[in-house]
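Structure assessment
Below are the chains, spelled out letter by letter.
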Amino acid sequence: MRKTIFVVAGLLTAALVPPSGAQAASVGATVVSPKRPLNVRAGAAVWTRSLRTLPNGTAVAIECQVKGQLIDQGPVRVTDQWDRLTDGSFISDAWVRRPQAAPPPCTAEQLTAAPAAAPGAPTTAGTVASGAIPLKTRGGPARSAILYAGLPNGTPLNIACQVQGEQITGTMRATAMWDRLDSGAYVSDAYVNRGATPPSCTAPAAAPPAAAPAPAAAPQTAGAPVAEAGRWVSPLPGFSARPGFRTPTNPNHVGVDIMSFVGTPIHAASAGTVLEVVCNIEAGHSCDQTGSASVGGCGWYVKIQHAGGISTLYCHMVRKGVVKPGQKVAAGQVIGYVGSSGNSSAPHLHFEVHVNTPPTSPGNAIDPLPFMRTHGAPIG
Ligand SMILES: [Zn+2]
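Residues numbered from 1 in each chain as written. Predicted model: local features only at pLDDT ≥ 70, side-chain atom pairs only at ≥ 80, totals over all residues. Heavy atoms only, no water.

Looking only at helices and strands, one finds two helices and 24 strands in the protein chain. Counting every position in the protein chain, which comprises 380 residues, the buried fraction comes to 49%. Contacts in the protein chain between residues at least 24 apart in sequence constitute 62% of all its contacts with a sequence separation of at least 6. (Helix = DSSP H or I, 4+ residues; strand = E, 2+ residues; numbered from the N terminus. Buried < 20%, exposed > 50% of the residue type's maximum accessible area, 1.4 Å probe, protein only. Contact = heavy atoms within 4.5 Å.)

We now examine the nonpolar core. By size, the foremost hydrophobic cluster in this structure holds 42 residues, and its most contacted members are Val-302, Tyr-314, Ile-335 and Phe-351. Among the secondary structure elements, those contributing two or more residues to this core are strand E11 (156-169), strand E16 (256-259), strand E18 (272-280), strand E19 (299-306), strand E20 (310-317), strand E23 (348-354) and helix H2 (368-374). Broken down by element, this core gets its largest block of residues, four residues, from E11. Looking at which domains feed residues into this core, each of domain 2 (124-194) and domain 3 (241-374) gives three or more. Discounting residues that sit within four places of it in the chain, Ile-335 has contacts with Ile-266, His-267, Ala-268, Val-302, Ile-304, Tyr-314, Met-317, Gly-321, Val-322, Val-323 and Val-329. (Core = buried A, V, L, I, M, F, W, Y, C linked by side-chain atoms within 4.5 Å. Domains from an automatic or database assignment.)

Another aspect to go through is the state of the cysteines. The full count for this structure, using the stated rule, is two disulfides. A disulfide bridge connects Cys-64 with Cys-106, and the sulfur atoms are separated by 2.0 Å. As the torsion about the S-S bond is roughly 90 degrees, the Cys-64-Cys-106 disulfide counts as right-handed. Residue Cys-64 is found in strand E4 (residues 59-71), and its partner Cys-106 is found in the loop between strand E7 (96-97) and helix H1 (108-112); the two are separated by 42 residues along the sequence. Cys-106 shares its class with Cys-64; the two are buried. A disulfide bridge connects Cys-279 with Cys-287, and the sulfur atoms are separated by 2.1 Å. For the disulfide bridge between Cys-279 and Cys-287, the dihedral angle about the S-S bond is near 85 degrees, and by the sign convention the bridge is right-handed. (Disulfide = S-S within 2.5 Å.)

Note that His-350 resides in strand E23. In terms of polar contacts, His-350 uses its side chain to reach the side chain of Glu-352, at 2.7 Å. (Polar contact = N/O pair within 3.5 Å; in protein donor to acceptor, adjacent residues only side chain to side chain.)

Here the focus is the environment of Glu-63. Among the structural elements, Glu-63 can be located in strand E4. Considering only alpha carbons, one finds Glu-63 and Arg-84, 21 residues apart in sequence, at a separation of 5.7 Å.

The coordination sphere of the zinc ion, as far as protein atoms go, consists of His-253 (NE2), Asp-257 (OD) and His-350 (ND1), spread over 2.0 to 2.1 Å. Taken in chain order, the donor set of the zinc ion reads H-x3-D-x92-H. Of this pair, His-253 sits in the loop between strand E15 (241-242) and E16 while His-350 sits in strand E23, and the two are 97 residues apart along the sequence. Accessibility expressed as a relative area gives 0% for His-350, which makes it buried. (Donors = N, O, S within 2.8 Å, 3.2 Å for Na, K, Ca; no water.)

Scanning all chains against the criterion turns up four aromatic pairs. Arranged with centres 4.9 Å apart and planes meeting at 85 degrees, the rings of Trp-232 and Phe-371 form a pair that is edge-to-face. Here Trp-232, found in the loop between strand E14 (192-194) and E15, pairs with Phe-371, found in helix H2; they are 139 residues apart in sequence, far enough to count as distant. Of the residues examined, Phe-371 reaches a relative accessible area of 4% and is grouped as buried. Consider the rings of Phe-239 and Phe-261, whose centres lie 5.9 Å apart with planes at 70 degrees: the pair is edge-to-face. Residue Phe-239 is found in the loop between E14 and E15, and its partner Phe-261 is found in the loop between E16 and strand E17 (265-267); the two are separated by 22 residues along the sequence. A single burial state applies to Phe-239 and to Phe-261, both of which are buried. Taken together, the ring pairs in this structure connect Tyr-186, Phe-239 and Phe-261 into an aromatic cluster. (Phe/Tyr/Trp six-rings, centres within 6.5 Å; stacked < 30°, edge-to-face > 60°.)

Below, the discussion takes up the environment of Ala-149. By the secondary structure assignment, Ala-149 is in strand E10 (residues 147-151). Taking relative accessible area as the criterion, Ala-149 reaches 34% and is therefore assigned partly exposed. Separated by 15 residues in the primary sequence, Ala-149 and Pro-134 place their C-alpha atoms 8.7 Å from one another. Other than its neighbours up to four places away in sequence, Ala-149 contacts Leu-135, Lys-136 and Thr-137.

Take Gly-165: it is sitting in strand E11. Taking the relative accessible area as the measure of exposure, Gly-165 reaches 11% and is therefore buried. Not counting the four nearest positions on each side in its chain, Gly-165 is found in contact with Pro-141, Ala-176, Trp-178 and Pro-265.

This part is about the pairing of E18. Here two bridges tie E18 to strand E21 (residues 328-329), and the two strands are oriented antiparallel to one another. In the sheet register, Thr-273 faces E21, and the bridge partner there is Lys-328. By the bridge criterion, seven bridges tie E18 to E19 in an arrangement that is antiparallel. Residue pairing in the sheet places Val-278 in a bridge with Tyr-301 of E19. (Pairing = 2+ DSSP bridges.)

So, in structure tokens, the structure goes:
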């Protein structure tokens, strides 16, 4: 079955740790990142916003540690611990040389303090306009996304950018746009009083290549219609995949994982026909529940047949895909939402590309990273 590489805990796992009371002094440490500057992030995972970078050898002051994304490519250690700096930002402990004793775990109070904004990063000012009920901040642009905290009416907001998500009717407007705050959390724009419209979180769409080459494929069956290869787009604009196709430690992983947030819309990577909308999970479990590394199956998934004998697969959706078998979809059309159903230990999209289909099989899966790159829609 498809295995998820990540051994992650949620970003806020450590927030469940009760405050320990005494505030520990910061721990002095040094960045070890000889090849390129180290990203300082808004949260304890590489898919959170990069606030700034630190060159190799920079001295840093670590306030505390949280469990986050497992980093196995750092020069100092393999770890899922992230160091919170005194300004509220995070760096992976895999890239830090420090005294042997680890910094103390972060308290709930430390973690709920607003992370630092990037110096000079443009943000749009707004205020919460939710009336008597606090506005919920979430891990993604939908009410199904993890709940972080409630912000009282009138709370000032620093909006980094906007993404499309669940349609909400609020006090200010009816909209599907959600505001990503400086902290990386999302609030529905329906309850935000603001001036200018914040910029989109996704980079402007690249112009489609003039003639996207079809991938190398076996000769078509005689008589099969050979349609022109269409435009390709990222299934999760604004998020990137890490290499992970058939790795030495996970040779049966025939796709790549794109870390994201519950509720982020998943887009059809190209035009095609929906073949399957299926719950694939080990007996005794439900795709409508958060999965885990010990549950088999790719959860709620959608399979699309494209021209040229290419199929794409989208796994671990939070609920059943929003398309139906037989339905024609356009490139970029929303087909479902990110979740963590099935064999998944953190919200992400497991994305597969198969050639010479139908049918799909592990044997005809190809690495999506070079495929998407050569089709004008890089995802890594
Ligand atoms: Zn995967």
